[in-house]
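If you want the building blocks of each chain, they are given just below.
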Amino acid sequence: MKTWLEKWNPEDEAYWNSDGSKIAWRTLIITTITLTLSFASWFMMSVIAVKLPGLGFSFSKDQLFWLTAIPGLAAGLLRIIHTFLLPIFGTRHIVSFATAIKLIPVIGIGFAIMDVNTPFWVFAVLAFTTGFGGGDFSSYMPSTSLFFPQRLKGTALGIQAGIGNFGVSLAQFVTPLVISVGIFGASTVFTSIDPKETITVFENSSVQKQKEVFASLETEVQARILSNVKKNIVDSVSTAVNSQDNAVIFSSLPLKAKAKAIANANPKLAEKVLNNLSSENSAVKNKPIYLQSAAFWFAPFLILMAFVSWFYLKSIPMKASVKEQLDIFSNKHTWYCTITYVMTFGTFAGLSAAFPLMIKFLYGDFPNAPDPLVYAFYGPLIGSASRIAFGFVADKVGGAILTTITGLGILAGSILLVTQGLVAPTSMDQFPLFVTVILGMFFFTGIGNAGTFRQYPIIFKENPRQAAGVIGWTAAIAAFGPFIFSKLIGNNISANGTVNQFFIGVCLFTLLATAINWWFYNRKNCEKPS
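This write-up is about the structure you can find in this document.

Conventions and cut-offs
Residues numbered from 1 in each chain as written. Predicted model: local features only at pLDDT ≥ 70, side-chain atom pairs only at ≥ 80, totals over all residues. Heavy atoms only, no water. Helix = DSSP H or I, 4+ residues; strand = E, 2+ residues; numbered from the N terminus. Buried < 20%, exposed > 50% of the residue type's maximum accessible area, 1.4 Å probe, protein only. Lys, Arg positive; Asp, Glu negative; His and termini not counted. Salt bridge = Lys/Arg side-chain N within 4 Å of Asp/Glu carboxyl O. Contact = heavy atoms within 4.5 Å. Phe/Tyr/Trp six-rings, centres within 6.5 Å; stacked < 30°, edge-to-face > 60°. Lys NZ or Arg CZ within 6 Å of the ring centre and 35° of its normal. Disulfide = S-S within 2.5 Å.

Quick word on the side chain of Lys51
- Mapped onto the elements of the fold, Lys51 is located in helix 2 (residues 44-55).
- The side chain of Lys51 is buried and forms no salt bridge, while Asp371, the nearest opposite charge, is found at 4.2 Å.
- Setting aside residues no more than four positions away along its own chain, Lys51 makes contact with Ile179, Phe190, Leu291, Asp371 and Leu373.

Focus on the packing of aromatic side chains
- For the coordinates displayed, the defined rule picks out 42 aromatic pairs.
- Ring geometry for Tyr336 versus Phe520: centroids 4.3 Å apart, planes at 20°, classification stacked. Within this pair, whereas Tyr336 is found in helix 20 (residues 332-363), its partner Phe520 is found in helix 27 (residues 500-522), the two being separated by 184 residues in sequence.
- Sitting over the ring of Phe190, Lys51 keeps its end group 4.7 Å from the ring centre.
- Arg92 extends its terminal NZ or CZ atom over the ring of Trp310, reaching a point 3.7 Å from the ring centre.

Brief notes about the state of the cysteines
- Counting across every chain of the model gives 0 disulfides.
- Cys526 provides the cysteine sulfur closest to Cys337, a residue in no disulfide bond, and the two sulfurs are 12 Å apart.
- By relative accessible area, which is 9% here, Cys526 ends up buried.

What about unusual backbone geometry?
- For Asn525, which is not glycine, the phi torsion reads 60° and is therefore positive.
- Mapped onto the secondary structure, Asn525 falls in the segment after helix 27.
- You can call Asn525 exposed: its relative accessible area is 69%.

Observations concerning the pattern of salt bridges
- Applying the stated criterion across every chain yields a total of 4 salt bridges.
- Across the pair Lys487 and Asp62 runs a salt bridge whose closest N-O atoms are separated by 3.3 Å. Of this pair, Lys487 sits in helix 26 (residues 481-496) while Asp62 sits in helix 3 (residues 61-83), and the two are 425 residues apart along the sequence.
- On the basis of relative accessible area, Lys487 is assigned to the buried category, the value being 11%.
- Relative accessible area serves as the criterion here: at 30%, Asp62 is assigned to the partly exposed category.
- A salt bridge links Glu220 to Arg224; the nearest nitrogen and oxygen atoms lie 3.6 Å apart. Taken as a pair, Glu220 and Arg224 lie in helix 12 (residues 219-226) at a separation of 4 residues, close to a single helical turn.
- Since its relative accessible area comes to 56%, Glu220 is described here as exposed.
- Exposure remark for Arg224: the relative accessible area of 42% places this residue in the partly exposed category.

So far we have only geometry, and geometry alone does not tell us how the molecule works.
This is the structure in structure tokens:
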């Protein structure tokens, strides 16, 4: 079976109408389906991590944010490699192999979830392998840009990237559904704690009983629970009771502080404490789930699409060594385009990874706290849909104006998050506006993702190979978005319980990226109108 096409000239209208169109659209359909699975498997850890504490995994808040950050780090590194693979191996080999290799994380994570004694380092390694899915973008998109004529590049890239981005929503939408289905293995009891009912348990138990239950815990466990209380409160209570004994300090804390400290602890640990205080309480909620199904369900689809890719895809004869491809880095516009795409796709991917944990740790302490997975998939869904819709718009009006609009939208959203206290909340009343602003930011990232990918083939129109390389490179750097967002947001929350500083930083970076785009690509008489 031949891998390389003998002829490829999509700008020749006669050739396009006779053979080229059929090959190009078939390739787009197959690679878009596989790219959707790539994005879904890349982001599956962002939804799985939220549920791990409830199964009994004793991972810290920081470790959970690491699990959502590592896939972004891996994807960024792997995208750099993917950027140079297309001219060497071609579409057929890359897509087939990349689809098959994703069986490693989906099967590995499924088995890891089934054993609560699986150490954090194993999850960290498996989280890195989910980056296989994130890395694909930097060879898939350049491939698509080569298969289509100039007039259809924006549409084709918008369709593929937009539908591919739906994979993020797919992972976050499907997970709550499939974890109730036993694909393989036994169910595990998932424990959640109701903060409001926890207060009731403490109201109905004596201080002496609370002291005895807390004293029965190991010293390290006591310290972990007290770390959920603000240090100034712990210090003031310790001074007031003139004691350094953890059990004395805990039992002397204000009622709501004690209840919050337990509700924020590992759910299995909180269950133990609450059941010892009151054997019949309404604070502890248990239900059986099959969290491993959130990983295993990918396997049959990956196997099927690996075979389809091998038998139905072809490669365009475009040979170039890695050294020859490095010429993109001597062009200043490679770096300017990288900055603008970090603003658009970096924000999309970063928010996709961090959104569920932001809901959990910013709003999870309040009574009637929201389930992160109920809301998480809406953001990537909206961002993906706007990317598809505005791919067609970009072909009509150009991409630069859309990228500028995106910058202004992200800037406005970040300002609202900070000035309205939405990422430093004091009550659940702020949650609807928080979700609305985040979803609005997702919408604008989709517009920008469509705009930027329309711009790059025009900015580098003198050299289609370079244009393909720049698409791959910019996508690689922007893929660090989940790592940057998850780590910095996690650090902010761990340090002071808010994310204000992070979004102030987003404001500053967005101003820089928008200014670059407007000056070089959007204003009248700019250097590279696109």
